[in-house]
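Descriptive structure summary
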Amino acid sequence: MRDYLLTLCVTAAVTYLLTGPVRKFAIATGAMPEIRARDVHREPTPRLGGIAMFFGLCAGLLVADNLQNLNGVFELSNEPRALLSGAALIWLIGVLDDKFEIDALIKLGAQMIAAGVMVMQGLTILWIPVPGVGMVSLTSWQGTLLTVALVVITINAVNFVDGLDGLAAGMVCIAAAAFFLYTYRLWYGYGIEAAAPATLFAAILMGMCVGFLPHNMHPARIFMGDSGSMLIGLVLAAGAISVTGQVDLDVLKIFEGSTREATHAALPVFIPLFLPLTIIAIPFADLVLAIVRRTWNGQSPFAADRGHLHHRLLEIGHSHSRSVLIMYFWSALIAFGVVAYSVHSASMWILLVVVALSAVGLVLLLLPRFTPRAPLWAESFVPPRYRRRQRPPQAAQAAGAAETGEITPVPALAMAQEAQAGPQPVAEERTPVPAGVNGATALGARSRFPDRRKAGSRN
């Protein structure tokens, strides 16, 4: 465990320290896309954060290769080299996309090629567990097809959920933490050495996300871009493929006994296949809702809009940070709930806790709809949104005039005051400084008059 923690810390430190220089490099090379209508941020923000994350991955693998307890992973398995090869290819395509906006079909082909590179070096699904039957061996083309599908789906799921500052990195870090607990239990608890590569991948993935999050939390100073989202999606998929298709789970002797007992016992075996799908759960729901919404409105299902889940959280009153935390909550509930159920599938307490936490999550989602008002004596201790609304100055002036018997309306008073004051100087129109190297950068001052209105406002 100490070696895994050391690898995680080194990966996080390298990623964190390199993100600042990478941000300046992205600004200098012009990797700052224009703000689109559906974007939440209001100032052009540099991308290419995946560069720092890739070097963090390389540093983690290098440190693990020189540790005594983890060196055997590289000697007995070719999976770390396969991961590095596929990650280098998908990272290079992501960097080019962050700079030059590569076509979607080209990126899809690159994702398939990266998965094929890993398959050629041995990181592939060789068999799948079937309850009541045991481990079913796959043919070469079946294993390749299943591996490529899992890699492509996971990469695009992570890329799709990257919509708010810190959202994708945080959700992947949560899934990687749950995945680490599961694989470490297989390796240390059951003595399955083949689960060690997946455990190492999960630790490195956590380090990549933890090191990048301080720079990416709201307000983000840099985005990971496709070079980062596709990279962490590939690493997550590689860990699932390693522990699912490489570990011989017959040593657990879970496929013995009756069919019902074997089905309950086999639940932990399917966790590696389900756990990456916890990342897809929220994006998949968002995708289905988007298709229904756009089709109902007579639009193309592929037309971009501001109706995604994170946009809706902002519209109903959640702040940017609270929207991200709510999605963190649901991701953690699904990921750790699945892992806990795999350990004690016969316990009803786990199911009850998951149901109770789901109810808490629903209350948090609807919290802005039910904004309580604090009593008068407690208004100075609560945020302004919980205080009683104060009457505007015009309303107060009208009330005072009514008490004294005056019948002059407030608008007439205002017009009279303006006539006595004479013509007022016209305020000079403020033009924002164009965003570029003088925008939200580390090389120059921020824009003088940035638009700080909340995303989703109608003004």
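Residues numbered from 1 in each chain as written. Predicted model: local features only at pLDDT ≥ 70, side-chain atom pairs only at ≥ 80, totals over all residues. Heavy atoms only, no water.

Now for the confidence of the model for the protein. With 64% of its residues at a pLDDT of at least 70, the protein reaches an overall mean of 75. Per-element confidence in the protein ranges from a low mean pLDDT of 49 for helix α17 (residues 410-421) to a high of 95 for helix α2 (residues 50-65). In this model, residues 402-414 is a region of pLDDT below 50 whose contacts with residues beyond four sequence positions or in other chains number six contacts. Segment residues 425-459: pLDDT under 50, and 46 contacts once partners within four positions in sequence are set aside and those in other chains are kept. (pLDDT = per-residue confidence, 0-100. Helix = DSSP H or I, 4+ residues; strand = E, 2+ residues; numbered from the N terminus. Contact = heavy atoms within 4.5 Å.)

Per the stated rule, a full pass over the model turns up three salt bridges. Put simply, Lys-107 and Asp-97 hold a salt bridge, and the shortest N to O gap is 3.6 Å. Placement of Lys-107 in helix α5 (residues 104-120) and of Asp-97 in helix α4 (residues 79-100) is noted, with a sequence separation of ten residues between them. Neither Lys-107 nor Asp-97 differs from the other in exposure class; each is buried. (Salt bridge = Lys/Arg side-chain N within 4 Å of Asp/Glu carboxyl O. Buried < 20%, exposed > 50% of the residue type's maximum accessible area, 1.4 Å probe, protein only.)

The subject of this paragraph is helix α7 (residues 167-189). For α7, built from 23 residues, the straight-helix expectation of 33 Å at 1.5 Å per residue is met to within 8% by its first-to-last C-alpha distance of 32 Å. The buried fraction of α7 is high, at 19 of 23 residues. Residue Gly-191 follows α7 closely and has a positive phi angle near 70 degrees. (Expected span 1.5 Å × (residues − 1).)

Okay, the packing of aromatic side chains next. As enumerated under the stated definition, the model contains seven aromatic pairs in all. Each ring, one from Tyr-4 and one from Phe-180, has its centre 5.7 Å from the other, and the planes form 80 degrees; the classification is edge-to-face. Placement of Tyr-4 in helix α1 (residues 2-28) and of Phe-180 in helix α7 is noted, with a sequence separation of 176 residues between them. Of the two residues, Tyr-4 and Phe-180, both sit in the buried class. For the pair Phe-180 and Tyr-184, a centre-to-centre distance of 5.8 Å together with 20 degrees between the ring planes defines the contact as stacked. Of this pair, Phe-180 and Tyr-184 both sit in helix α7, four residues apart, roughly one helical turn. Considered together, Phe-180 and Tyr-184 belong to a single accessibility category, that of buried residues. Connected via pairs of aromatic rings, a cluster forms that spans Tyr-4, Phe-180 and Tyr-184. (Phe/Tyr/Trp six-rings, centres within 6.5 Å; stacked < 30°, edge-to-face > 60°.)

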